[in-house]
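Notes for the structure review
If you want the building blocks of each chain, they are given just below.
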Amino acid sequence: MADVRPVSDRVSMLLSCYLDGELTRDELTEVVAALESDLDAIAEFRRLKDARRIVRTLPMLHMPLELIPGGHLGEQLSAYLDGELVTAEMPIVSTHLGTCQDCRRELAELDRSRTAVRALPGVEPPEFLAPRIEDRKHRRGLRAAVAVAAGAAAVSLAFAVTPLGNGEDPAQVSIVDLESRHTARASTGSAPTAVQVGAP
Amino acid sequence: MADNPTLTWEDVAQRYGRKIYTFAYRLTGNPDDAADLVQEVLLRVRKGLSSYTPGSFDGWLWRITRNAFLDGVRKKKRRPTQPLPEGDSFAVGASPSPDEVLASVRLSDDVQSALLKLPYDFREAVVLCDVVGLTYDEIAVATDVPVGTVRSRIHRGRSMLRGLLTWPM
């Protein structure tokens with residue numbers, strides 16, 4: 001029975017070495033020939049290339065700074081403040097902060113700066129933008145009014161079809177208040193046609 | 001770098017510390033073990049620099065690193081009563097292989113998890129090549145095996161990794 005593997009172990013290994021530039025001249029010729037003529041070799045090459053790439057994309061981690069003479073946290077402090085450290089870095093940074101006064105001082109300064117920036121008020125838009133913004137507000141207001149009016153109409157209709165007789169005192173059901181409140185809000189836009197409330 | 005006779009251990013710490021730490025973390029998935037390794041390697045470098053003869057500095061350094069790492073694994077095995085990080089449960093028994101010891105370390109993400117499933121020799125070769133960035137010759141010196149073995153280990157490690165990672169890449 002023929003070998004069911006798409007490429008031989010040897011070709012597969014040479015493809016892996018090719019990715020690292022670790023082939024002899026003869027091997028390189030062999031690999032190039034395989035890649036030019038063999039679809040299975042190309043598929044295997046892609047597979048190995050993927051595996052190599054994903055390992056290479058793993059981040060390089062920071063070493064414990066207390067082990068470096070004069071080492072300090074630097075940019076890790078901002079990442080620490082923002083909760084952006086990778087899990088493996090957390091104990092290193094915490095431990096270092098516990099023993100290094102310089103880094104604690106710098107962290108406090110960074111925290112103050114960060115708080116100050118975050119507390120900055122919103123800025124008024126330039127005048128030439130004002131009409132467009134007003135225009136947009138107006139359109140948004142109209143849309144809201146139409147939505148409220150539609151809602152009010154629906155509420156009114158719902159009450160209109162609810163029988164209020166049967167010994168119930170209509171006064172105890174604050175339909176009127178409810179209705180007037182909705183109508184008042186809806187009147188900012190196009191008012192809905194009056195609906196008789198409470199009529200049987 | 002590195003065949004510079006005036007190199008101090010502080011230089012090594014500054015230039016290689018991060019790589020040594022990452023090497024250990026990728027092999028174990030454990031930040032405490034990685035920190036211990038950095039400390040141990042720097043001690044050995046400090047002692048060994050005076051007797052270092054110019055050659056492949058990377059090969060020399062990574063051989064020290066690798067040996068320190070394996071010694072640490074064995075030492076940890078001999079002291080099973082020492083508290084271990086949460087999630088770790090090192091087996092107690094005679095002469096465990098690094099694979100057995102490392103089989104249960106904490107996993108952090110899919111790739112790290114897949115790396116930890118590789119047999120130790122394959123994992124080490126892949127990490128030295130693709131994380132640390134050594135050449136095959138340097139890996140051969142560091143791990144004390146012929147270059148042909150390095151080639152084979154890296155290839156088999158990558159093949160297994162691709163099979164372990166089922167998500168599309």
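Residues numbered from 1 in each chain as written. Chains lettered and ligands numbered in written order. Predicted model: local features only at pLDDT ≥ 70, side-chain atom pairs only at ≥ 80, totals over all residues.

**Considerations on the overall build of chain B**
A count of helices and strands for chain B gives 8 helices and 0 strands. The order of helices and strands in chain B, counted from the N terminus, is α-α-α-α-α-α-α-α. Across the 169 residues that make up chain B, the buried fraction comes to 43%. (Helix = DSSP H or I, 4+ residues; strand = E, 2+ residues; numbered from the N terminus. Buried ≥ 20, exposed ≤ 12 C-beta atoms within 10 Å, placed from the backbone.)

**As for the overall build of chain A**
Helices and strands together make up the secondary structure of chain A, namely 8 helices and 0 strands. Starting at the N terminus, the α and β elements of chain A follow one another as α-α-α-α-α-α-α-α. Across the 200 residues of chain A, 19% fall into the buried class. Counting contacts in chain A only where the partners sit at least 6 residues apart, residues at least 24 apart contribute 63% of the total. (Contact = placed C-beta atoms within 7 Å.)

**What about the confidence of the model for chain B?**
Residues and elements named next belong to chain B. Mean pLDDT over chain B works out to 77, with 75% of the residues at or above the 70 mark. Ignoring residues within four places in sequence, the model shows residues 79-96, a span with pLDDT below 50, making 19 contacts including any to other chains. Within the model, the stretch residues 100-108 combines pLDDT values under 50 with 31 contacts to residues more than four positions away or in other chains. In the predicted assembly, ipTM is 0.72 and pTM is 0.57. (pLDDT = per-residue confidence, 0-100.)

**Structural notes on the packing of helix α1 (residues 9-19) of chain A against helix α2 (residues 25-37) of chain A**
Residue and element names in this part refer to chain A. At a closest axis distance of 10 Å, the pairing of α1 and α2 adopts a crossing angle of 105°. When the axis of α1 is compared with that of α2, the two are roughly perpendicular. Contact with α1, carried on its side by V11, L14, L15 and Y18, involves E27, E30, V31 and A34 of α2 and no other residues of that element. (Axes fitted to C-alpha atoms, helices over the stretch in contact; angles between N-to-C directions. Parallel < 35°, antiparallel > 145°, perpendicular 65-115°, else oblique.)

**Concerning the environment of B:S113**
All names here are of chain B. Positionally, S113 belongs in helix α5 (residues 110-117). Exposure remark for S113: the 14 C-beta atoms within 10 Å place this residue in the partly exposed category. Spatially, the C-alpha atoms of S113 and T28 are 9.9 Å apart, while their sequence positions differ by 85 residues.

**Details of the interface of chain B and chain A**
How big an interface is tends to be stated in terms of accessible area lost as the parts join. Each side of the interface is counted separately: chain B has 32 residues, and chain A has 27 residues. Elements supplying a minimum of two residues to the side of chain B that touches chain A: α1 (9-28), α2 (31-48), α6 (120-132) and α8 (147-164) of chain B. Split by residue class, the side of chain B that touches chain A holds 17 nonpolar, 8 polar and 7 charged. (Nonpolar A, V, L, I, M, F, W, Y, C, P; charged D, E, K, R; others polar.)

**A short note on the confidence of the model for chain A**
All names here are of chain A. On average, residues of chain A score 69 in pLDDT, and 54% of them reach the 70 mark or higher. Mean pLDDT values for the elements of chain A range from 43 in helix α8 (residues 175-186) up to 95 in α1. pLDDT under 50 marks residues 153-200. Its contacts with residues more than four places away, or in other chains, come to 44 contacts.

**Re the nonpolar core**
Residues and elements named next belong to chain B. Core analysis: the largest hydrophobic core is formed by 65 residues, its most contacted members being A24, L128 and I139. Looking at this core element by element, the count peaks at 9 residues for α1. Each residue touching A24, except ones within four places of it in the same chain, is listed here: D33, A34, L37 and F69. (Core = buried A, V, L, I, M, F, W, Y, C linked by C-beta atoms within 7 Å.)

**Topic: α6(B)**
Residues spaced three or four apart along an α-helix face the same direction, because each turn holds 3.6 residues. Residue and element names in this part refer to chain B. Of all 13 residues in α6, 11 are buried, a share of seventy percent or more. All buried positions along α6 are accounted for by F122, R123, E124, A125, V126, V127, L128, C129, D130, V131 and V132. Note on α6: the residue one or two positions beyond its end, G133, has a positive phi of about 90°.

**A few points about α8(B)**
Across its 18 residues, α8(B) extends 26 Å between first and last C-alpha, which sits within 8% of the 26 Å expected from 1.5 Å per residue. Where α8(B) is concerned, the buried positions are B:V150, B:R151, B:R153, B:I154, B:H155, B:R156, B:G157, B:R158, B:L161 and B:R162. Structurally, α8(B) contributes buried residues whose contacts are with α1 and α3 (39-56) of chain A together with α5, α6 and α7 (136-143) of chain B. (Expected span 1.5 Å × (residues − 1).)

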